[in-house]
Amino acid sequence: MDMKDKLNLLFDELDCTDADIATRAGIHPSGISRFRTGKRMPTPRSSQLMGICEGIAVYSDEQGTTSRLRELCDADERDSTESLPGRLFAWLFEGSLIYPEKRSNKEDHFLDESRGKFF
């Protein structure tokens, strides 16, 4: 499952809209739409995607669906509510091809989950 599929799964399971999350993330709904359709691929340093993850965590907390969010992104119950956006962000990138910021070697980078680093 790629990143856009994971985002769409989250939105479907949590029954939220782009506008619901955009309001909580402080970004425009069209930015969320671009990620969800795959028209935009974030880098591992994407502050906009991190904002979306924070918005999803806030929405989930408000709606009482935090347990379901933890299940979806494989978060442990011991993870604090404050660490949930970071866990969600990492889950979205797991196994995904990463489009790095401009680099001279233009190599594709992958997340090595066992070491938590991008290669």
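About the thresholds
Residues numbered from 1 in each chain as written. Predicted model: local features only at pLDDT ≥ 70, side-chain atom pairs only at ≥ 80, totals over all residues. Heavy atoms only, no water. Axes fitted to C-alpha atoms, helices over the stretch in contact; angles between N-to-C directions. Helix = DSSP H or I, 4+ residues; strand = E, 2+ residues; numbered from the N terminus. Parallel < 35°, antiparallel > 145°, perpendicular 65-115°, else oblique. Contact = heavy atoms within 4.5 Å. Salt bridge = Lys/Arg side-chain N within 4 Å of Asp/Glu carboxyl O. Buried < 20%, exposed > 50% of the residue type's maximum accessible area, 1.4 Å probe, protein only.

Participant: Would you mind showing me how to read the packing of helix 1 (residues 3-14) against helix 6 (residues 84-93) here?
Facilitator: Two measures define how a pair of helices packs: the angle their axes make with one another and the distance between the axes. For the pair helix 1 and helix 6, interaxial distance at closest approach is 8 Å and the crossing angle is 135°. Here helix 1 lies oblique to helix 6, going by the angle between them. The segment helix 1 lies against helix 6, with Met3, Lys6, Leu7 and Leu10 engaging Leu88, Trp91, Leu92 and Phe93.

Participant: Even after reading the chapter, I still don't get the pattern of salt bridges, so can you show me in this structure?
Facilitator: Opposite charge on two side chains allows them to pair when their charged atoms are near. A full pass over the atoms with the stated rule returns six salt bridges. A salt bridge links Glu13 to Arg68; the nearest nitrogen and oxygen atoms lie 2.9 Å apart. Residue Glu13 is found in helix 1, and its partner Arg68 is found in helix 5 (residues 66-72); the two are separated by 55 residues along the sequence. Of the charged contacts, one joins Glu71 and Arg68 as a salt bridge, the two residues approaching to 2.8 Å between their closest N and O atoms. In this pair, Glu71 and Arg68 are both assigned in helix 5, three residues apart and thus about one turn of the helix distant. For Arg68, a relative accessible area of 29% corresponds to the partly exposed category. It is possible to trace a salt-bridge network through shared partners that takes in Glu13, Arg68 and Glu71.

Participant: Explain unusual backbone geometry here, please?
Facilitator: Among all residues save glycine, negative phi is the norm, and among peptide bonds the norm is trans. Backbone geometry at Asp15 places phi at a positive 55°, although glycine is not the residue there. Structurally, Asp15 is set in the loop between helix 1 and helix 2 (18-25). Accessibility expressed as a relative area gives 63% for Asp15, which makes it exposed. Phi is positive for Asp74, close to 55°, though the residue is something other than glycine. Inspection of the secondary structure assignment puts Asp74 in the loop between helix 5 and helix 6. Taking relative accessible area as the criterion, Asp74 reaches 53% and is therefore assigned exposed.

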